Amino acid sequence: KTLTTFATTTTTTTIKTTIKTTRRNEKRGSALVPKAASMKIFKGGKKEIMLGARENLLHMIETSNESGIESAVEELRNLYDGEAEQPAKSRLLEGKWKLLWSKQTSENVNPFQKLFAGLAKDTNFQIVEENGSRVVNDVEVAKFLRVQAMARSSVASDVRTNVTIDTVDITLFGKKVKTITLEPSPGKGQGYVEQLYLDDKVRVSVGNKGSVFVHERVGTYTNDDDEDNDSSENAMKKEERSLALV
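Procedures and definitions
- Residues numbered from 1 in each chain as written.
- Predicted model: local features only at pLDDT ≥ 70, side-chain atom pairs only at ≥ 80, totals over all residues.
- Heavy atoms only, no water.
- Helix = DSSP H or I, 4+ residues; strand = E, 2+ residues; numbered from the N terminus.
- Contact = heavy atoms within 4.5 Å.
- Areas by Shrake-Rupley, 256 points an atom, 1.4 Å probe, with all protein chains shown as cover.
- Buried < 20%, exposed > 50% of the residue type's maximum accessible area, 1.4 Å probe, protein only.
- Salt bridge = Lys/Arg side-chain N within 4 Å of Asp/Glu carboxyl O.
- Core = buried A, V, L, I, M, F, W, Y, C linked by side-chain atoms within 4.5 Å.
- Expected span 1.5 Å × (residues − 1).
- pLDDT = per-residue confidence, 0-100.

## Description of the overall build of the protein chain
Item 1. Along the protein chain, the regular secondary structure elements total 5 helices and 11 strands.
Item 2. Counting only contacts in the protein chain whose residues sit at least 6 apart along the sequence, the fraction spanning at least 24 positions is 58%.
Item 3. Accessible surface for the protein chain amounts to roughly 14300 Å². Of this, 49% is attributable to carbon and sulfur atoms.

Below, the structure written as C-alpha cells:
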C-alpha cells in the first residue's frame, strides 16, 4: 500500500491539475515550472511519510512560512501515534535541543517565555538530565545576559511530563548575580508538556497553556548501555536531555 503526504493543504483537484500540467510541460520540453511545483510529495510507508512531513516542517521554518509551519505541525501530530511510541518515556528525549519555532496561544502565557522566544531565537535551549528528574531551560538573551530556569520533572503518561520550576539563575557577563527561588502554588510554577512528535532529530511539543514548540537536536546523551550500538553520534560528549518548559 502506498501512502502520500503533502506539505500544504492544496486540494486534490489542484494537485491532479498540477501533475497533469507538469507532465504536459515535460512532453513539450518546456522549462516552465508550475506555481505549485514547490510542493513536496512523499510516497512510501508510514515511516517515510513521517520523515517527509518532518522535512516539510523544517523547510517551512527555514522559509518563515507561518501558516505552513502550523499546517506541518498538525500533519505530524496526526501521523504520530503517541500512545504507541510513548515519547515521554523514550530515551530519544535525551540530549540537548535548540528551539527553532514557538507559538504562544494563551494570554496567560509566561511573559518571559514569550520574550525569550523573540529575542533568543538562536540561543534558546532546553536540557533534561539522564534520569529526567531535572529540567533546565537555558537562554542567552544577549552576549552578556543568560537566564537558566531549573525545574523538577516526572513522567505523567505516555506523552505527558509534569514540570515544576524551582529556581531561576540570572548571569551577567559570565557571573551569576541572582538566584530566584520559587515556591510553587496552584497555577504558579507548575505545568506539563506533551510530546506531539519525537524522533532522533526533531521534537514537537505543547505546554499546558497551549504554547507549541519545535526543537531540533543539537546534542546526544550516551552511557555504557549504548556500547553495543555505538556510532559517531553516540560517541559525542555526554549531553543532558531536553523538554520544553511551560
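There is more to say after this.
## What about unusual backbone geometry?
Item 1. The phi dihedral of Ser64 falls on the positive side, at around 55°, and the residue is not glycine.
Item 2. Examined against the element boundaries, Ser64 turns out to sit in the loop between helix 2 (46-62) and helix 3 (66-79).
Item 3. You can call Ser64 exposed: its relative accessible area is 56%.
Item 4. One non-glycine residue, Gln86, lies in positive phi territory at about 50°.

## Quick word on the pattern of salt bridges
Item 1. Applying the stated criterion to the full structure yields 12 salt bridges.
Item 2. With a shortest N-O distance of 2.9 Å, Asp199 and Arg54 are connected by a salt bridge. Within this pair, whereas Asp199 is found in the loop between strand 9 (190-198) and strand 10 (202-207), its partner Arg54 is found in helix 2, the two being separated by 145 residues in sequence. Each member of the pair, Asp199 together with Arg54, is buried.
Item 3. Note that Lys98 and Asp122 form a salt bridge whose closest N and O atoms lie 3.8 Å from each other. Placement of the pair is Lys98 in strand 3 (residues 96-103) and Asp122 in the loop between helix 5 (111-119) and strand 4 (124-128), with a sequence separation of 24 residues.
Item 4. On the basis of relative accessibility, which here comes to 21%, the residue Lys98 falls in the partly exposed class.

## What to know about the nonpolar core
In summary, soluble globular proteins display a tendency toward joint burial of nonpolar side chains.
Item 1. Leu57, Ile69, Val73, Trp101, Tyr197, Val204 and Val214 are the most contacted members of the largest nonpolar core, which totals 22 residues.
Item 2. Going through the elements one at a time, helix 2, helix 3, strand 3, strand 9, strand 10 and strand 11 (212-219) are the ones with two or more residues in this core.
Item 3. Sorting elements by how many residues they give to this core places helix 2 first, with 6 residues.
Item 4. Setting aside its immediate chain neighbours within four residues, Val204 contacts Leu57, Val73, Leu76, Glu194, Gln195, Leu196, Tyr197, Val212, Phe213 and Val214.
Item 5. Counting 11 residues, the second-largest nonpolar core is a separate cluster that includes Val128, Val135, Val139 and Ile165.

## Some points on the environment of Met150
Item 1. Its location among the elements puts Met150 in strand 6 (residues 145-155).
Item 2. Using a relative accessible area of 12% as the deciding quantity, one classes Met150 as buried.
Item 3. Each C-alpha atom, one on Met150 and one on Asp166, is 5.9 Å from the other, the two residues being 16 residues apart in sequence.
Item 4. Other than its neighbours up to four places away in sequence, Met150 contacts Arg134, Val135, Val136, Thr164, Ile165, Asp166, Thr167 and Asp169.

## Some thoughts on helix 2
Item 1. The end-to-end C-alpha distance of helix 2, which contains 17 residues, comes to 24 Å, matching closely the 24 Å that a straight helix rising 1.5 Å per residue would cover.
Item 2. Every buried residue of helix 2 is accounted for by Ile49, Met50, Gly52, Ala53, Arg54, Asn56, Leu57, Leu58, Met60 and Ile61.
Item 3. Phi for Ser64, located one or two positions after helix 2, is positive at around 55°.

## Concerning the confidence of the model for the protein chain
Item 1. Per-residue pLDDT for the protein chain has a mean of 74; in total, 62% of the residues score no lower than 70.
Item 2. Per-element confidence in the protein chain is highest for helix 3, whose mean pLDDT is 96, and lowest for helix 1 (residues 12-28), whose mean pLDDT is 39.
Item 3. Low confidence marks residues 222-246, where pLDDT is under 50. Its contacts with residues over four positions away, or in another chain, come to 77 contacts.

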